[in-house]
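# Observations on chain architecture
Chain by chain, the residues run as shown.
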Amino acid sequence: MATRRAFLNAGLRLGVGATLAAALPGVSFAAAPGARPLIVVILRGALDGLGVAPPYGDPDYGNARGAIAIARPGGAKGALDLDGFFGLHPALPLLHARHRAGELIVVHATASGYRERSHFDGQNVLENGGDKPSGTASGWLNRALGATNGAVTGLALGQNVPLVLRGPVPVGSWAPSSLPDVEPELLERLRDLYSNDAPLAARLDEGTRIDALAEGEMAGDGDTMRRAKGRGIERLKAIAETAGRMLASPDGPRVAVFDAGGWDTHAGEGGAEGQLAGRLGGLDKVLDALRTGLGSEWSRTAVLVCTEFGRTVEVNGTRGTDHGTGAAAFVVGGAVRGRVIADWPGLATRHRYEGRDLKPTTDLRSIAKGLLLAQLALPERALAEVFPGTESARPTRDLVRG
Amino acid sequence: MTADAATNAAIAANRFGLGAKPGELVALAGDPRGWLIGQLAGPYRVPEQLAGLASGREVLATYFAAREAREAARKAAKGGDPVKELVDGVREQLLPHYLAQAAARTRLALASPESFRERLVHFWSNHFAVSIDKPICLGTAGALENEAIRPHIAGRFIDLLLAVETHPAMVTYLDNQQSVGPNSEFATRAHRRGHFQSAQPKNRIGLNENLAREILELHTLGVDGGYTQGDVTSFAQVITGWSVGGGKGRLAEGEPGTFVFRRQVHEPGSKTVLGRRYADGGFEQGERVLNDLARHPSTARHLATKLARHFVSDEPSPALVDRLAKAYSASEGNLNALYKALVSADEAWGVESRKFKTPADFVQSAFRALEVEPKDTKKLLSGVELLGQRNWSPGSPAGWPDRQADWDGADALMKRVEWSVALAERVGNAHSAIATADVALGPLAGEHTRTALARASSGSQALTLLLMSPEFQRR
């Protein structure tokens, strides 16, 4: 069966490509010379910051967390130490290896502009980059792509595009499929069928292009292809690896978004082992697979891992935690200047937000802005349109090596 | 049949229903609005496709028993990986029930001559979403839909609300079964024994606010409906004791798998929710709060907005939302009055199809148009799984999103093409694409699409083009 990749190549030779290019103003994978890979991982459901990056040095940590507290570093199943005060959850050994390589920033007590406790509004604010959950139909990452004037393109890993990457700039999406490729002739006919329907025509062209790229990156790698079509963590790892290769490809996108749900641990959250630990173990492997796929391009990469808000400081009545405010986030990558960024408010009740949550002291948008400047080489004035009305959140400097 | 009548028939079957089956457009053209409203009349009868499914009570009781047996065996053996074994055990026990429930629901959706009713069932099931990524929901999601939702979609919202919030599926999905009032008898006793808020937090017991928050945010008032964190906490106290019999540990009394009110964990005393004081009365205190929530203007607006968005457009006009909210409030929360207001609104009958089909809409309408119903359960369910909408798996209590931008990713479209090719190849040349366009879309199928079908290089290619046409991708 002819592949879409072969079709595109043939199309270019036959002149079909010219039609294709004409139909796709502004869609090109030619990267801006200064742009470096930026990947955003959104963990939906409110990841427990005090579980994933335990502040074991805080005198109130053990008591507040009780049975789900992570033990101090050193002992069995203890935290993986970061700086003598914060640690990483023991289910994150690969991420900890990045810390030891100086490639991990842990941002703690951080939050977007959102201060209520609805997941869905919280995710909207995290992704639209504003202060309000509604009224903005585009995401900050799409607006950032817009600010590069088409020099940088984006990719959603999954069938559909999450809000953070939606907007006026066309963005592709990709997930492996278990069904056979579509014949080139049918694609041509669909293109004609959609000639009066601009949105569907645009999707079809983006889809064709991304599939060809993905296929090219997986060509000759039967193992990755097989795993990508399978199930569970092996599938996610294979997707991450392929995505890494696409981002490293000279004609590939430079920005990608992954999102994953399942972090809403109201009951039976577990400590060093259990529900949250199981999920973190998977995340650890997927992040590392991304590094594998990026190969030498990893040294220029930054990955932002974030969530809509944190969870309560205290354990609730069902050995879990309820919706909170301050959270933890990570920036990891070969380009990253590793450290802990935390203006630590303390866990004692009097230091908490509304008496129950970790008080946010670092604006997550400052981190995001800093990454846009560094990775996409955006001019600083562009930030006003990417994150409108948030001038007080100054971009964080020196997140990545120069 | 006049042109208008034919168009309205196609809109009724596709926008309001689950997609026209052959013959349906002709049959309902006389009175499309009457066809819709008529589906909601009369008492609820269990559809034949659902007969023989295990009840939620049976599924949970079997599951609790199996879990206890497994744990006992594990304790005796003292080995293995307890977490993995437990998860595997849950799936093993519950997956057959999930597959049977999902298959029955799908077969009903494909066969039903009352597909407006079925669409409303799916709508409310998504409004009150539970998700199978929480393993216990594999066994309970279908039961929630069939036991709490189906019988109540054409009555008063409060009855639907009460049935859902007291169904074991919702109680366990949102963790209320273990939520304990801090001053309840149970907590007081535990406190005396030194367990409550003790230095041994393993035994710490107290509130879980998950169910209370989602009732306010998702099921009734809506996120901007005017409640505070204080209301959430207070309402969580009100519904302490709303639990499920069976399970394990100290809170297992009661008939396994049924809703149980546990007075000993209920937070005593009066509570204030949304500025109103509710005297204590055990279970009935929560019932009174739910009654007031169902009557609240924010709830009317929230439900009206979601219904208009589902049937008319991603951003429905304020006028339509007002009209629906008024119909809801004026009828004191009668859902039939709400549906009648929707069906009688001119805006809902615009010729332009403004709703992009979800994967489930697309797969069901394709199967219905082609009268295809795979015998094999796996094949029956694989379409929605491949296209990203496995039954009852929205991943969060907010349910599946209902706007085009959530479903029209480039990759999503490519997968629809791939799936359409596979389906068209399977049904081969048994269906003429032009004839199928006539029975499925009628006058909604435009000239450009008809020309493309006529020029296709094979019968199966023509069918693929029909399924992927802009007209068939929207409703």
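Residues numbered from 1 in each chain as written. Chains lettered and ligands numbered in written order. Predicted model: local features only at pLDDT ≥ 70, side-chain atom pairs only at ≥ 80, totals over all residues. Heavy atoms only, no water.

### A closer look at the overall build of chain A
Summing up its helical and strand segments, chain A has 14 helices and 11 strands in all. The C-alpha atoms of chain A give a radius of gyration of 22 Å, which matches the 21 Å a tight globule of 402 residues would have. Viewed in the frame of its principal axes, chain A has a C-alpha envelope of about 70 × 45 × 40 Å. Split into buried and exposed, the 402 residues of chain A put 61% on the buried side. Contacts in chain A between residues at least 24 apart in sequence constitute 73% of all its contacts with a sequence separation of at least 6. If you sum the accessible surface of chain A, you get close to 14100 Å²; carbon and sulfur atoms cover 53% of it. (Helix = DSSP H or I, 4+ residues; strand = E, 2+ residues; numbered from the N terminus. Rg over C-alpha atoms; globule rule 2.2 N^0.38 Å. Buried < 20%, exposed > 50% of the residue type's maximum accessible area, 1.4 Å probe, protein only. Contact = heavy atoms within 4.5 Å. Areas by Shrake-Rupley, 256 points an atom, 1.4 Å probe, with all protein chains shown as cover.)

### Focus: the overall build of chain B
Looking only at helices and strands, chain B features 23 helices and 4 strands. Relative to the 2.2 N^0.38 estimate, which gives 23 Å for 475 residues, the radius of gyration of chain B is 24 Å and therefore close to what a compact globule would have. With respect to the principal axes defined by its C-alpha atoms, chain B has extents near 80 × 55 × 40 Å. Within chain B, buried positions represent 60% of all 475 residues. Here the contacts in chain B between residues at least 6 apart in sequence split such that 72% fall between residues at least 24 apart. Put simply, chain B shows about 17700 Å² of open surface, and 53% of that area lies on carbon and sulfur atoms. For chain B, the separation between the mean place of its 56 positive charges and that of its 53 negative charges on side chains is 4 Å. (Lys, Arg positive; Asp, Glu negative; His and termini not counted. Charge placed at Lys NZ, Arg CZ, Asp CG, Glu CD.)

### Things to note about the interface of chain A and chain B
If you look at the interface, chain A gives 55 residues, while chain B gives 55 residues. Across the chain A/chain B interface, buried area totals approximately 4500 Å², and carbon plus sulfur atoms make up 54% of it. Of all residues in chain A, the largest losses of buried area upon contact with chain B belong to Phe120, Gln159 and Leu193 of chain A, amounting jointly to 15% of the total for that side. Along the contact surface separating chain A from chain B lie 4 salt bridges. A salt bridge links Glu209 of chain B to Arg356 of chain A, with the nearest nitrogen and oxygen atoms 3.1 Å apart. For the interface between chain A and chain B, the tally reads 28 residue pairs in polar contact (both at pLDDT 80 or more). Taken together, the elements giving at least two residues each to the side of chain A that touches chain B come down to helix H4 (61–65), helix H6 (119–128), strand E6 (172–174), helix H8 (184–193) and helix H9 (198–218) of chain A. Considering only residue class, the side of chain A that touches chain B consists of 19 nonpolar, 20 polar and 16 charged. (Buried area = accessible area lost by both parts, 1.4 Å probe. Salt bridge = Lys/Arg side-chain N within 4 Å of Asp/Glu carboxyl O. Polar contact = N/O pair within 3.5 Å; in protein donor to acceptor, adjacent residues only side chain to side chain. Nonpolar A, V, L, I, M, F, W, Y, C, P; charged D, E, K, R; others polar.)

### Concerning the side chain of Asn146 of chain B
Residue and element names in this part refer to chain B. Position of Asn146 relative to the elements: it lies in helix H7 (residues 137–149). Judged by its relative accessible area of 16%, Asn146 is buried. A distance of 3.1 Å separates a polar atom in the side chain of Asn146 from a polar atom in the side chain of Gln101. With near-sequence residues (within four places) excluded, Asn146 lies in contact with Tyr44, Leu50, Leu53, Gln101 and Pro151.

### Thoughts on the side chain of Glu118 of chain B
Residues and elements named next belong to chain B. As for its position among the elements, Glu118 is in helix H6 (residues 115–127). Among the residues examined, Glu118 registers a relative accessible area of 2% and is labelled buried. Leave out the neighbours within four places in its chain, and Glu118 touches Leu18, Leu108, Ser112 and Arg150.

### Remarks on the pairing of strand E5 (residues 154–157) of chain A
Two faces, one strand: in a regular strand the side chains alternate between the faces of the sheet. Residues and elements named next belong to chain A. What you see with E5 is no split at all: Gly154 and Ala156 on one side and Leu155 and Leu157 on the other are buried throughout. Bridging between E5 and E6 involves 3 bridges; their strand directions are parallel. Residue pairing in the sheet places Ala156 in a bridge with Ser173 of E6. (Pairing = 2+ DSSP bridges.)

### Topic: empty space enclosed by the protein
One simple way to see leftover space: roll a probe sized like a water molecule over the atoms. Residue and element names in this part refer to chain A. What the rule picks out here adds up to 7 cavities of 30 Å³ or more. Looking at the largest cavity, it is lined by 15 residues, and the ones nearest its centre are Leu126, Trp140, Leu364, Arg365 and Ala368. Mapped onto the lining of the largest cavity, the elements with two or more residues apiece are strand E1 (38–43), H6, strand E8 (302–307) and helix H13 (364–375). (1 Å grid on protein atoms, 1.4 Å probe; cavity = no way out; pocket = protein on both sides within 12 Å on 5 of 7 lines; lining within 4 Å. Points joined across faces, edges and corners; volume = space filled by probe spheres on them.)

### Quick word on the packing of helix H8 (residues 157–165) of chain B against helix H13 (residues 283–295) of chain B
All names here are of chain B. Orientation of H8 relative to H13, taken along the N-to-C sense of each, is 135 degrees, at an axis distance of 9 Å. Taken together, H8 and H13 sit at an angle that is classed as oblique. Relative to H13, H8 is oriented so that their crossing is right-handed. On H13, the residues touching Phe157, Ile158, Leu161, Leu162 and Glu165 of H8 are Glu287, Leu290, Asn291 and Ala294. Classifying every residue of the contact of H8 with H13 gives 6 nonpolar, 1 polar and 2 charged. (Axes fitted to C-alpha atoms, helices over the stretch in contact; angles between N-to-C directions. Parallel < 35°, antiparallel > 145°, perpendicular 65-115°, else oblique. Left-handed = near helix turned anticlockwise from the far one by under 90°.)

### Focus: the environment of Gly245 of chain B
Summarising the element assignment, Gly245 of chain B is placed in the loop between strand E1 (242–244) and strand E2 (259–261). Sequence spacing of Gly245 of chain B and Thr258 of chain B is 13 residues, and the spatial spacing of their C-alpha atoms is 5.5 Å.

### Description of the environment of Pro374 of chain B
All names here are of chain B. Position of Pro374 among the secondary structure elements: in the loop between helix H17 (359–370) and helix H18 (377–386). Accessibility expressed as a relative area gives 4% for Pro374, which makes it buried. Taking the C-alpha atoms as reference points, Pro374 and Arg107, separated by 267 residues in sequence, lie 9.2 Å from one another. Sequence-distant contacts of Pro374, that is, excluding residues within four places in its chain, are made with Arg107, Phe367, Lys379, Leu380 and Arg426.

### Here's the deal with the domain arrangement of chain B
Residues and elements named next belong to chain B. Domain assignment breaks chain B into domain 1 (3–38 + 356–473), domain 2 (48–173), domain 3 (176–295) and domain 4 (297–349). With centres defined by C-alpha atoms, the gap from domain 3 to domain 4 works out at 32 Å. On the side of domain 4, 6 residues touch domain 3, which itself brings 10 residues to the contact. Counting each side, the surface lost to burial between domain 3 and domain 4 is near 560 Å², with a carbon and sulfur contribution of 42%. Applying the counting rule to domain 3 against domain 4 returns 0 salt bridges. Taken together, the elements giving at least two residues each to the side of domain 3 that touches domain 4 come down to helix H11 (210–219) and H13. Residues of the side of domain 3 that touches domain 4, tallied by class, amount to 4 nonpolar, 4 polar and 2 charged. (Domains from an automatic or database assignment.)

### Observations concerning the environment of Lys77 of chain A
All names here are of chain A. Topologically, Lys77 is positioned in the loop between H4 and strand E2 (80–81). Sequence separation of Lys77 and Ala272 is 195 residues, and the distance between their C-alpha atoms is 6.1 Å. Residues contacting Lys77, with those up to four places away along its chain left out, are Ile70, Ala71, Pro90, Ala272 and Glu273. Only 3.2 Å separates the side chain of Lys77 from the side chain of Glu273, close enough to count as a polar contact.

### A short note on the nonpolar core
Core analysis: the biggest nonpolar cluster contains 142 residues, and Phe16, Trp124, Phe157 and Phe235 of chain B have the highest contact counts within it. For this core, the leading source of residues is helix H19 (residues 410–427) of chain B, giving 8 residues. Not counting residues up to four positions away in its chain, the partners in contact with Phe157 of chain B are Trp124, Phe128, His219, Thr220, Ala294, Thr299, Leu303, Tyr328, Gly333 and Leu335 of chain B. The next biggest cluster of nonpolar side chains, apart from the first, holds 57 residues, and it includes Ile70, Ala109, Ala240 and Ala256 of chain A. (Core = buried A, V, L, I, M, F, W, Y, C linked by side-chain atoms within 4.5 Å.)

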